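# Structural description and commentary
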Amino acid sequence: MKTKKIRLQVTMFGKFTVEVNGKYIYHGTERVSNMIRILQYLLLFHGSIVSQSELIAECLGEETENEAVVLKNLIYRLRKIFLDHVGEELIIFKNGGYGMDDTVCDISLDAQEFVVAAKQMHEERANEELLRQACVLIMDKYTQGFLPKYSSLLWVMKQSVAYERTAIQASEILFKELNSEEDFFSFLPLFQKMCESCPYEESLYYHYIFSLQRVEKIGEAQVVYEKFSKLLFDELCVEPSPK
């Protein structure tokens, strides 16, 4: 049995980076390419084998000519990159699909941290401090954006929508946990970022405006309310609820 000796540190919120044994092989500044899309997909769903048809549909598109050959060539290039850096290909072919070789590498993924925090957030036995930490992690990562350079891809959009729902729940839970003026003041920037990330979500503006009022920033609260009201009317032809 192989001994795990290769560590991959991967970020997908904010920008896509891959660090292998302490050295970056992707910095988030590379141009958008099908090869990187495939790598992102395999990393996000590491631990499972992804069929060739799924990789083609999600990362290449049905309009690609000779898609099976193109996919094979891109996988070969990815394997060569890993082989050159760490001496292992890290991508395996099994049961007609591809996946990351978890027998030789440990993968630390910020999207996975998001999922773990979401589970902690819903645990009934979670204490107040752990609950706050989970909510803050979720909201902080969401406001950075999930693979923003690749947001037009359908699978990225699906993930982003799911993360958005979780982040809105986290804001609601965190808001209910706050008591003191100091609490509300310390989380003002995070509530503001959530509003900027979900500009039409009324509940988030309620959290932000209420927090501003609690720390006696009445003028700022009024400005935020008026801007939000104008946005809703101009873009959606609706007004904020009485709440």
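Just above sits the structure.
Residues numbered from 1 in each chain as written. Predicted model: local features only at pLDDT ≥ 70, side-chain atom pairs only at ≥ 80, totals over all residues. Heavy atoms only, no water.

## Things to note about the overall build of the protein
Each helix and strand counted, the protein has 10 helices and seven strands in total. The principal-axis extent of the C-alpha atoms belonging to the protein is close to 60 × 40 × 30 Å. By the burial criterion, 42% of the 243 residues in the protein qualify as buried. Long-range pairs, those at least 24 residues apart, make up 60% of the contacts in the protein with a sequence separation of at least 6. Accessible surface computed for the protein: about 13,700 Å², of which carbon and sulfur atoms make up 51%. Between the mean site of the 27 positive side-chain charges and the mean site of the 36 negative ones, the protein shows a separation of 7 Å. (Helix = DSSP H or I, 4+ residues; strand = E, 2+ residues; numbered from the N terminus. Buried < 20%, exposed > 50% of the residue type's maximum accessible area, 1.4 Å probe, protein only. Contact = heavy atoms within 4.5 Å. Areas by Shrake-Rupley, 256 points an atom, 1.4 Å probe, with all protein chains shown as cover. Lys, Arg positive; Asp, Glu negative; His and termini not counted. Charge placed at Lys NZ, Arg CZ, Asp CG, Glu CD.)

## Overview of the sheet that holds strand β5 (residues 91-94)
The strand order β4-β6-β5 describes an open sheet built from three strands, whose pairing is antiparallel. Strands with a single pairing partner mark the edges of an open sheet, and in this sheet they are β4 (50-51) and β5. Pairing between β4 and strand β6 (residues 97-100): two bridges, direction antiparallel. Each bridged residue has a counterpart across the sheet, and for Val50 the counterpart in β6 is Tyr98. Sheet strands in contact with helix α1 (residues 34-44) are β4, β5 and β6, and its direction is about 70° off that of β6. (Pairing = 2+ DSSP bridges. Axes fitted to C-alpha atoms, helices over the stretch in contact; angles between N-to-C directions.)

## Comments concerning the pairing of strand β7 (residues 105-109)
Among the five residues in β7, four count as buried, and that is most of the element. Across five bridges, strand β1 (residues 6-11) lies against β7 in parallel orientation. Each bridged residue has a counterpart across the sheet, and for Leu8 the counterpart in β7 is Ile107.

## Quick notes on the packing of aromatic side chains
As enumerated under the stated definition, the model contains 17 aromatic pairs in all. Ring centres 5.7 Å apart and planes at 55° place the aromatic pair Phe184 and Phe210 in the tilted group. Remark: Phe210 occurs in helix α9 (residues 202-214) and Phe184 occurs in helix α7 (residues 181-186); sequence separation between them is 26 residues. Take Phe184: its relative accessible area is 2%, and that puts it in the buried class. Cluster of aromatic residues (ring-pair linked, three or more members): Phe13, Tyr41, Phe45, Phe114, Phe146, Trp155 and Tyr163. (Phe/Tyr/Trp six-rings, centres within 6.5 Å; stacked < 30°, edge-to-face > 60°.)

## Structural notes on helix α8 (residues 188-197)
All buried positions along α8 are accounted for by Leu188, Leu190, Phe191, Met194 and Cys195. When α8 is viewed along its axis, its buried side chains cluster within an angular range of 165° and face the same direction. Residues of α8 that are buried in the fold lie against α5 (128-144), α6 (154-177), α7 and α9. (Arc of directions from axis to C-beta.)

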